Amino acid sequence: MEIVSTIKEVRDRVKAWRKEGLTVGLVPTMGYLHEGHKSLIDKAVSQNDRVVVSVFVNPMQFGPTEDLASYPRDLDADAKLCEAAGASLIFHPEPEEMYDEGFCSFVDMTGLTEALCGLSRPVHFRGVCTVVNKLFNIVTPDRAYFGEKDAQQLAVVKRMVKDLNMDIEIVGCPIIREADGLAKSSRNTYLSPKSREAALVLSRSIFMAKKMVEDGERDAAKVKKAMRDLIEAEPLATIDYVEIVDVNTMKSIDTIKGEILCAIAVNIGGEARLIDNFMATI
Ligand code: PAF
């Protein structure tokens, strides 16, 4: 497995693979890889001849008060995980390689990005759409892999690919959890032991809501109230949102029916803003 940092190197490798008639999968990441990322790479390796993992902490998707500077980084550990999982190439560019002087073109979206995380992170999805678009143009993959933990991101990327006629299959992969239920996230490393315990309110409220829906509850307000009550009982937790939306529009629904996304974002102890969700078709 090779690690390259320039767009030209990626293009040269992909060109050579294409000449041999090989298929290419892309796993876009911001690094500090964990089992969740590994599941995306495993899936990509099982479906493609070659797999590129991009490791790039994208400045454009962070707001001015967010954690760009402190976002965890460990390229050596990432390389070990990628190599063991069977990836062929890591693309690890510097910000200047991706955004050279005078950069002024963006990919943006309305609607889907104006709910959930888009409300408290107004520049986030413009940054995600722009960088994912650039990565698609650089790697030209057959397939690209995204985690369902970032369910809104997955919906946004699928919509962008459809709207802009990109010939790329987007593959969503299930949430991977710690043994006690907490969804795996690079940001979990921000948590002190006390906050790590408190963070379990996210998965507990998601599991409770899922059970309510499975048991036949169709009143979204009732499910959301039960979730809020559970989360608010944890003193270290501050709710950003608790929502049940139509997964195709990200619009809030009153009756739980169709393809739904139940999603939450919660700040834990002022140390980390964490998200979790479940999706269902009723
Ligand atoms: O999900 C992430 O890690 C990032 O948003 C992504 C898709 C790699 C774009 O920077």
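Here, the structure is the one placed above.
Throughout what follows, the structure given in this document is the object of discussion. Just so it is clear, the model here is predicted, and its values are computed rather than measured.

**Overview of the packing of helix H1 (residues 7–19) against helix H6 (residues 124–139)**
Moving on, step 1. Across the interface, H1 lies against H6 with an axial gap of 8 Å and an inter-helix angle of 45°. With respect to each other, H1 and H6 are oriented oblique. Across from Ile 7, Val 10, Arg 11 and Val 14 in H1, the residues of H6 making contact are Asn 137, Ile 138 and Val 139.

**Here's the deal with empty space enclosed by the protein**
Moving on, step 1. One pass over the structure, following the stated rule, counts 1 cavity of 30 Å³ or more.
Moving on, step 2. Put simply, the largest cavity is a space of about 50 Å³.
Moving on, step 3. Lys 149, Leu 182, Ala 183, Ser 185, Asn 188, Leu 202, Leu 274, Ile 275 and Asp 276 are the residues that line the largest cavity.
Moving on, step 4. If you tally residues by element for the lining of the largest cavity, the top one is strand E9 (residues 272–281), at 3 residues.
Moving on, step 5. For the lining of the largest cavity, a count of residues per class yields 5 nonpolar, 2 polar and 2 charged.

**Topic: the side chain of His 34**
Moving on, step 1. Position of His 34 among the secondary structure elements: in the loop between strand E2 (24–29) and helix H2 (35–47).
Moving on, step 2. Once residues lying within four places of it in the same chain are set aside, the contact partners of His 34 are Leu 81, Lys 184, Ser 185 and Ser 186.

**Some words on the packing of H6 against helix H7 (residues 151–163)**
Moving on, step 1. At a minimum axis separation of 11 Å, H6 and H7 run at an interaxial angle of 55°. On the basis of the axis angle, H6 is oblique to H7. In terms of crossing hand, the pair formed by H6 and H7 is right-handed. Residues Phe 125, Val 128, Cys 129, Val 132, Asn 133 and Phe 136 of H6 form the contact with H7, whose participating residues are Gln 152, Gln 153, Val 156, Val 157, Met 160 and Val 161.
Moving on, step 2. Counted by class, the contact of H6 with H7 contains 9 nonpolar, 3 polar and no charged residues.

Cut-offs applied
Residues numbered from 1 in each chain as written. Predicted model: local features only at pLDDT ≥ 70, side-chain atom pairs only at ≥ 80, totals over all residues. Heavy atoms only, no water. Axes fitted to C-alpha atoms, helices over the stretch in contact; angles between N-to-C directions. Helix = DSSP H or I, 4+ residues; strand = E, 2+ residues; numbered from the N terminus. Parallel < 35°, antiparallel > 145°, perpendicular 65-115°, else oblique. Contact = heavy atoms within 4.5 Å. 1 Å grid on protein atoms, 1.4 Å probe; cavity = no way out; pocket = protein on both sides within 12 Å on 5 of 7 lines; lining within 4 Å. Points joined across faces, edges and corners; volume = space filled by probe spheres on them. Nonpolar A, V, L, I, M, F, W, Y, C, P; charged D, E, K, R; others polar. Left-handed = near helix turned anticlockwise from the far one by under 90°.

Functional significance is not addressed by these values, which are geometric in nature.
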